[in-house]
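Each chain, letter by letter, is given below.
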Amino acid sequence: MSVREAEARPARRVPQAAGPVRRTPARRNRRGAGNWWIPWLFLAPALILFVYFKFIPMAQALSMSAQEVRPYLGNLWVGTANYSEILSSDGFRSATWNTIVLAVGQTAGSMMLGFVLALLVEGQTRKLSFIRSAAFLPVVVPIAVVAELWRIMYHPTADGLLNQILGLVGLGPSGFINDPDTSLASIVVTGIWRGAPYDMMIFLAGLAGIDRGLYEAAVVDGASTKQRILHVTLPGLRPVFAILFVLAAVRGFRAFTEVFLLTNGGPNGSTEVLMTLIYKLGFEQNRLGIASAGAVLLFLATLVLTVCVQLLRRRRVA
């Protein structure tokens, strides 16, 4: 074969070794499109429970707030009469004020105490892990048990546990939850004791995300411990403070079990909050329409608070 014939003859293709077939995104999407229902299948039990026990009752409460509920006789449409009646009542205004005081006191106290505890137990040693677990116990204890324990400690006589401690420092016995002047403050202390460990764990997670190099640079510049907390720790925890503020405020607005078990709104209505008032209107006085209107107002107040905090947070970030 001449050289010209060899050049004119087409070259043979050398077969390449078969390698792994790469799946394009389009092929992966087509393959996974038939399994879209699998995640929803796992979520279905929780979604069914949420719809049946939360969203349907919420819709029914919204409907009942505009009706005069008459069991076995049929409900009557009254429009905004229930809202007008509950907003004009002295009991609702007093309960709203007590709820605000309780929410503010518990929110500020639990966040401050949780922040201090987080600074004290921050670290990776075994001893600190045990201390963190022990400090978190009030959160996992049922609220009914917590309320009963504090009710015993708040015994108003001189031989009560806390009154004995006050006697050691020369202070007289206090009525605590039996005194209208100290009953609400006593419930605030109980809420702080239970909520601070929860805030502590979230603060610990936030502290772990702060760059350690900032602390080292602050030490090199001669910053004291107080200055490092003010100029490094607190700015780094701004998102955590925003989240905890919303959670603690909602927890304070929805306070019911501890108030119901400790004082049931007494003495003389000094600890009556919105949740206990709604409970009494609905289940003790059988005024379900007015109770539903109060529940809707409480929900709207919580929603407005949450939205305002989120808007302020976004504005600061921008």
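Residues numbered from 1 in each chain as written. Predicted model: local features only at pLDDT ≥ 70, side-chain atom pairs only at ≥ 80, totals over all residues. Heavy atoms only, no water.

### So, unusual backbone geometry
- That bond from Gly266 to Pro267 is cis: its omega, -10 degrees, falls within 30 degrees of zero.
- Residue placement: Pro267 occurs in the loop between α14 (257–262) and α15 (274–284).
- Phi at Phe176 is positive, roughly 50 degrees, even though this residue is not glycine.
- Inspection of the secondary structure assignment puts Phe176 in the loop between α9 (161–168) and α10 (183–208).
- Residues other than glycine seldom take positive phi values, yet Asn264 does so here, at roughly 55 degrees.
- On the basis of relative accessibility, which here comes to 31%, the residue Asn264 falls in the partly exposed class. (Helix = DSSP H or I, 4+ residues; strand = E, 2+ residues; numbered from the N terminus. Buried < 20%, exposed > 50% of the residue type's maximum accessible area, 1.4 Å probe, protein only.)

### Brief notes about the packing of aromatic side chains
- Across all of its chains, the model carries 12 aromatic pairs by this definition.
- Ring geometry for Phe256 and Phe260: centres 5.3 Å apart, planes at 20 degrees, overall stacked.
- By relative accessible area, which is 28% here, Phe260 ends up partly exposed.
- Aromatic ring contacts, followed pair by pair, group Trp150, Tyr154, Phe176 and Trp193 into a single cluster. (Phe/Tyr/Trp six-rings, centres within 6.5 Å; stacked < 30°, edge-to-face > 60°.)

### Comments concerning helix α5 (residues 90–121)
- The end-to-end C-alpha distance of α5 is 46 Å, a good match for the 46 Å that 32 residues give at a rise of 1.5 Å each.
- Gly123 lies just past α5 and shows a positive phi near 155 degrees. (Expected span 1.5 Å × (residues − 1).)

### What to know about the environment of Leu102
- Relative to the helices and strands, Leu102 is located in helix α5.
- A sequence separation of 89 residues divides Leu102 from Gly191, and the C-alpha atoms of the two residues are 8.8 Å apart.
- Leu102 has contacts with Leu184, Ile187, Val188, Gly252, Ala255, Val259 and Val273, leaving out every residue within four places of it along the chain. (Contact = heavy atoms within 4.5 Å.)

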